[in-house]
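# Structural overview for review
What follows is each chain in one-letter form.
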Protein chains: 4
Amino acid sequence: MDVFDRLKAAAADDWQSYVDHEFVRQLGARTLPQAAFRTYLVQDYLFLIQFARAYALATYKSRTLADMRMAQAGLTAILDEMDLHVRLCGRWGLAPEDIETAPEHQATVAYTRFVLDCGAAGDLLDLHVALAPCVIGYAEIGRNLTPKGIDALGDHPYREWISEYAGEAYQDVAAAARRHLDDLAARAMTERRFTELAVLFGKASRLEASFWQMGLDVAER
Amino acid sequence: MDVFDRLKAAAADDWQSYVDHEFVRQLGARTLPQAAFRTYLVQDYLFLIQFARAYALATYKSRTLADMRMAQAGLTAILDEMDLHVRLCGRWGLAPEDIETAPEHQATVAYTRFVLDCGAAGDLLDLHVALAPCVIGYAEIGRNLTPKGIDALGDHPYREWISEYAGEAYQDVAAAARRHLDDLAARAMTERRFTELAVLFGKASRLEASFWQMGLDVAER
Amino acid sequence: MDVFDRLKAAAADDWQSYVDHEFVRQLGARTLPQAAFRTYLVQDYLFLIQFARAYALATYKSRTLADMRMAQAGLTAILDEMDLHVRLCGRWGLAPEDIETAPEHQATVAYTRFVLDCGAAGDLLDLHVALAPCVIGYAEIGRNLTPKGIDALGDHPYREWISEYAGEAYQDVAAAARRHLDDLAARAMTERRFTELAVLFGKASRLEASFWQMGLDVAER
Amino acid sequence: MDVFDRLKAAAADDWQSYVDHEFVRQLGARTLPQAAFRTYLVQDYLFLIQFARAYALATYKSRTLADMRMAQAGLTAILDEMDLHVRLCGRWGLAPEDIETAPEHQATVAYTRFVLDCGAAGDLLDLHVALAPCVIGYAEIGRNLTPKGIDALGDHPYREWISEYAGEAYQDVAAAARRHLDDLAARAMTERRFTELAVLFGKASRLEASFWQMGLDVAER
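Residues numbered from 1 in each chain as written. Chains lettered and ligands numbered in written order. Predicted model: local features only at pLDDT ≥ 70, side-chain atom pairs only at ≥ 80, totals over all residues. Heavy atoms only, no water.

### A closer look at the side chain of Lys61 of chain A
Counting through the fold element by element, Lys61 of chain A comes out in helix 4 (residues 34-61). Although Lys61 of chain A is buried, it forms no salt bridge, and the closest oppositely charged side chain is Asp123 of chain A at an N-O distance of 7.4 Å. Within the local environment of Lys61 of chain A, its side chain forms a polar contact with the backbone oxygen of Gly119 of chain A, the two atoms lying 2.6 Å apart. Contact partners of Lys61 of chain A, with chain neighbours within four places excluded, come to Gly119, Ala120, Gly122, Asp123 and Leu124 of chain A together with Lys61, Ala120, Ala121 and Gly122 of chain C. (Helix = DSSP H or I, 4+ residues; strand = E, 2+ residues; numbered from the N terminus. Buried < 20%, exposed > 50% of the residue type's maximum accessible area, 1.4 Å probe, protein only. Lys, Arg positive; Asp, Glu negative; His and termini not counted. Salt bridge = Lys/Arg side-chain N within 4 Å of Asp/Glu carboxyl O. Polar contact = N/O pair within 3.5 Å; in protein donor to acceptor, adjacent residues only side chain to side chain. Contact = heavy atoms within 4.5 Å.)

Laid out in structure tokens, this is it:
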């Protein structure tokens, strides 16, 4: 059991409420309203801006050149991902102006600033545990949504999004993030600290679940 | 017009949505459900813990001993206020254990971490503008709720809370915070910067409005 | 062996170069030039301003109310100590203006900003280990300089300074700081982390030794 | 007069003590002892590690994607520069192990942590003003050392180092940094703030001068 699996086990209900959220189910079942997905896409872009800041914070807090280079690679990857995101938004009829001028939803503020504050107040391990539901969780969700592989998705309306996270490239990113968590834990995790980290992980998972809920709420109005 | 009045004018709708929120109206009209008020009280305690951290951050970021002593006085005042808060909670049937073990609501996380992040990423002026809706806004709300003075409240169920913020001591705190904002602005506020600060102030006001809304939402369930 | 003793043992040479520095020896032997002491006093005042910031940072980074209150007490104590310091300076013919307008020496910048950076980039344990040579070391130096007790100092020219740190009140402060270090270590210190902390502690001790050296260097010119 | 020229004019003596330091003169006159240059090279590598952290901090503190991308480009450039640095060290007989295990000199700690603390406690403008003596100053020094152009250096023993900073690529980096400073100042610099920034700039320049002095001091021993 690696650290990530231990965190999931320790915060099982919170984790389940996130990875198995109604938004994810409907997305998998092709029934998610397009308005919900569009809302999510726009907020996810604003989310990525703050996530880039989180990786910059990780770079700043690094003690070794190796940690620094790894965090900087994460930062560069996110800034690149934002260009892809703009293209995906474009295919859903959202112009760059719509995205950048959209106000941040409370759910976006809550999760992103929580992560940044965990990182500012704590150390690299706190920061990466707070990031884990997003970075590693999306890989699990992508895998869950493709039990028969990506090709079986056929003309699934959310095929592009699902393949992104179910695909090998992203699965590798998540696997590397799990190993990095183990490495950080080997350096700085006592058992007492694990208990604190599990609370933090559960809280971050609930904030991610609220991020999905925001998409559904907007569509219902 | 001091800086605070300029910020209010520039973000008038957001400000109004906060100081004139339905929660505040019902509280003034004695019709606010007790469940809503209790939810608010508990979350406000968790809120104060983060606000104490914000004043500690202001102390850390101070350039002059005068700024440092002022921020430290704010920090001490909040830590003292928390004891009062525990007593107020007690009168509403909430034991210290109920309060400290309560999970933070998303609205609490969103506003408090937003303020802390404004302060960590920006300077003292950013931090104090983000704090202003709370620190200065509560004085305005207290005044609005006592058009005929505190004595006219009679046996108002929320008399203790209203008098706290309508009272002279808190009005003085808010007046000092306004002067401090003017002083910080005289040092570091260009007109371009004012435009950015007004956006920040509007966002903080909306997050405060969502904090009231959280109380109503819980009571409705 | 508590954590502090382990750190001392692991960085024995660096520690010795600090607590047994020529400045300290001359101070104990009554032969320290007054110019050296005056230079030290002024820089120590500038040092305390940054140390107050370090305790504010510790308050900001605290996870529990107990940690927060302890850090805030440290902050308040330092701000109070600064008033005492001004009085001590006065008895050495240094006016408040001389002190506050004095430029920070490189040795002052190096140690204080190193401590603040350890705290900003790391966690509370890093911060308190970086502070330890100062906070706990001064108690050891005070004790070393009073092998026959404070009364035996007689008309020692540096009696006031020595008694301050050899006195019971400061010895208690240092003892509490040692216990706090043990408590933080019980939460977050693995053996791998101890190795990193010992490096940090050795570096902080050398920077403290350079702070003494600065006093001697100025007197020699 | 751009902001950088105004800062130089306001802190003229400090600036001169840095760009016209004896180390620079001897380097230009081919008389600088190799031991002084080697010491400098090793410490400059340790310096760059902290400077990479400063650009990561700038990325984290950015408000706009444009600022974020600019800071991230700076970060990437420094991490790349470190590889070049290792090669330059190699030509001076310094193995990577010599460099990475070298202890940081007090002068290195003082300037780098001062910059990082300016950035952590202040805003982007504070951070970039503290970085300016290094980023922009090296271009001025490079230009000063090549009054007849780079080709006229002939078989100058420090030709490689001088050409690096006198070369067009680095001159462009410095010109961009000056424009960025003007842009940040247009957003957030009042006249009162300029006075504070000039003090900060003077202090940073003196810490840079001490960094040169460290090289000479080591060679003299």
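Read on for the rest.
### Some thoughts on the pattern of salt bridges
Within this structure, the stated rule accounts for 75 salt bridges over all chains. Residue Asp14 of chain C pairs with Arg206 of chain C through a salt bridge whose shortest N-O separation is 3.0 Å. You can see Asp14 of chain C sitting in helix 2 (residues 12-19) and its partner Arg206 of chain C sitting in helix 12 (residues 191-220), a full 192 residues away along the chain. By relative accessible area, which is 34% here, Arg206 of chain C ends up partly exposed. The network of salt bridges with common partners includes Asp2, Asp5, Lys8, Glu140 and Arg178 of chain A.

### Describing the relation of the copies chain D and chain A
Look at the two chain copies: a rotation about an axis and a shift along it is all it takes to match them. By a simple turn and slide, chain D fits onto chain A: the slide is 0.0 Å along the axis, the RMSD is 0.0 Å, and the turn is 180°. Interpreted geometrically, this transformation is the action of a two-fold axis. Considering only C-alpha atoms, the residue of chain D closest to the rotation axis is Ala56 of chain D, which sits at 2.5 Å. Most of the interface of chain D is mirrored in chain A, where 100% of its interface residues again form contacts. (Least-squares fit on C-alpha atoms with pLDDT ≥ 70 in both.)

### Let's talk about helix 9 (residues 137-144) of chain D
Within helix 9 of chain D, six of the eight residues are buried, which leaves the element mostly enclosed by the surrounding structure. Buried within helix 9 of chain D are the following residues: Gly137, Tyr138, Ala139, Glu140, Ile141 and Gly142 of chain D.

### A word on helix 10 (residues 159-166) of chain C
Buried residues of helix 10 of chain C: Trp161, Ile162, Ser163, Tyr165 and Ala166 of chain C, and no others. The inward-facing, buried residues of helix 10 of chain C contact helix 3 (22-28), helix 4 (34-61), helix 5 (65-91), helix 9 (137-144), helix 11 (168-188) and helix 12 of chain C.

### Thoughts on the interface of chain B and chain D
In this complex, chain B contributes 19 residues to the contact, which on the side of chain D involves 19 residues. Approximately 1,600 Å² of surface area, both sides summed, lies buried where chain B meets chain D, with 42% of it carried by carbon and sulfur atoms. Contact with chain D buries area across many residues of chain B, yet Arg63, Arg187 and Arg192 of chain B alone supply 33% of it, more than any other trio. There are two salt bridges connecting chain B and chain D. Residue Asp126 of chain D pairs with Arg63 of chain B through a salt bridge whose shortest N-O separation is 3.4 Å. Viewed at the interface, chain D and chain B are joined by six residue pairs in polar contact (both at pLDDT 80 or more). Listing elements by their share of the side of chain B that touches chain D, those giving two or more residues are helix 4 (34-61), helix 7 (106-121), helix 11 (168-188) and helix 12 (191-220) of chain B. Residues that form the side of chain B that touches chain D fall into these classes: seven nonpolar, two polar and 10 charged. (Buried area = accessible area lost by both parts, 1.4 Å probe. Nonpolar A, V, L, I, M, F, W, Y, C, P; charged D, E, K, R; others polar.)

### Remarks on unusual backbone geometry
Even without being a glycine, Arg30 of chain C presents a positive backbone phi close to 65°. Looking at the secondary structure, you find Arg30 of chain C in the loop between helix 3 and helix 4.

### Things to note about the confidence of the model for chain A
Looking at chain A, the pLDDT average stands at 94 and 100% of residues meet or exceed 70. Overall fold confidence for the complex sits at a pTM of 0.96, while the interface term, ipTM, reaches 0.95. (pLDDT = per-residue confidence, 0-100.)

### Thoughts on the side chain of Gln43 of chain B
All names here are of chain B. Within the element layout of this structure, Gln43 appears in helix 4. The class for Gln43 is buried, based on a relative accessible area of 7%. From its side chain, Gln43 meets the backbone nitrogen of His105 in a polar contact 2.8 Å long. Apart from residues lying up to four places away in sequence, Gln43 is in contact with Pro103, Glu104, His105, Thr108, Phe211 and Met214.

### With respect to the relation of the copies chain B and chain D
The two copies are related by a screw motion: chain B maps onto chain D through a turn of 180° and a shift of 0.0 Å along the axis, at an RMSD of 0.0 Å. Taken as a fraction of all interface residues of chain B, those also at the interface in chain D reach 100%, which identifies the copy contact as same-surface.

### Focus: the interface of chain D and chain A
A common way to state how big an interface is: give the accessible area lost once the parts meet. Between chain D and chain A, the residue contacts involve 20 residues of the former and 20 residues of the latter. Approximately 1,800 Å² of surface area, both sides summed, lies buried where chain D meets chain A, with 69% of it carried by carbon and sulfur atoms. On the chain D side of the contact with chain A, Arg53, Tyr60 and Leu79 of chain D bury the most area, a combined 34% of that side's loss. Applying the counting criterion to the chain D and chain A interface returns two salt bridges. If you look at where chain D meets chain A, you find four residue pairs in polar contact (both at pLDDT 80 or more). Taken together, the elements giving at least two residues each to the side of chain D that touches chain A come down to helix 4 (34-61), helix 5 (65-91) and helix 7 (106-121) of chain D. Residue contributions to the side of chain D that touches chain A peak at nine residues, all from helix 5 of chain D. For the side of chain D that touches chain A, the per-class residue count stands at 13 nonpolar, four polar and three charged.

### Thoughts on the packing of helix 4 of chain C against helix 7 (residues 106-121) of chain C
All names here are of chain C. Following both chains from N to C, one finds helix 4 and helix 7 inclined at 0°, their axes separated by 10 Å at the closest point. In terms of orientation, helix 4 lies roughly parallel with respect to helix 7. Side by side, helix 4 and helix 7 meet where Gln43, Leu46, Phe47, Gln50, Phe51, Arg53, Ala54, Leu57 and Lys61 of the first sit next to Thr108, Tyr111, Thr112, Arg113, Val115, Leu116, Gly119 and Ala120 of the second. (Axes fitted to C-alpha atoms, helices over the stretch in contact; angles between N-to-C directions. Parallel < 35°, antiparallel > 145°, perpendicular 65-115°, else oblique.)

### So, the environment of Ala174 of chain D
Residues and elements named next belong to chain D. Turning to its location among the elements, Ala174 is positioned in helix 11 (residues 168-188). On the basis of relative accessibility, which here comes to 3%, the residue Ala174 falls in the buried class. Separated by 138 residues in sequence, Ala174 and Ala36 have C-alpha atoms that sit 26 Å apart. Excluding anything up to four places from it in sequence, Ala174 contacts Val135, Ile136 and Ala139.

### Thoughts on the state of the cysteines
Residue and element names in this part refer to chain C. Summed over the entire model, instances satisfying the criterion amount to zero disulfides over all chains. Counting only cysteine sulfurs, Cys118 is the nearest neighbor of Cys134, a cysteine outside any disulfide, at a range of 14 Å. When its relative accessible area of 10% is taken as the criterion, Cys134 is described as buried. (Disulfide = S-S within 2.5 Å.)

### Points about the packing of aromatic side chains
Residues and elements named next belong to chain A. In total, this model carries 96 aromatic pairs over all chains according to the counting rule given. On the basis of an interplanar angle of 45° and a centroid distance of 4.5 Å, the ring pair of Phe37 and Tyr158 is categorised as tilted. Taken as a pair, Phe37 in helix 4 and Tyr158 in the loop between helix 9 (137-144) and helix 10 (159-166) lie far apart in primary sequence, 121 residues in all. Its guanidinium or amino end placed over the ring of Phe194, Arg6 lies 3.9 Å from that ring's centre, counting from NZ or CZ. (Phe/Tyr/Trp six-rings, centres within 6.5 Å; stacked < 30°, edge-to-face > 60°. Lys NZ or Arg CZ within 6 Å of the ring centre and 35° of its normal.)

### Let's talk about the nonpolar core
Trp161 of chain A, Trp161 of chain B, Phe37 and Trp161 of chain C together with Trp161 of chain D are the most contacted members of the largest nonpolar core, which totals 352 residues. Setting aside residues up to four positions removed in sequence, Phe37 of chain C forms contacts with Phe23, Leu27, Leu32, Trp92, Tyr158 and Trp161 of chain C. (Core = buried A, V, L, I, M, F, W, Y, C linked by side-chain atoms within 4.5 Å.)

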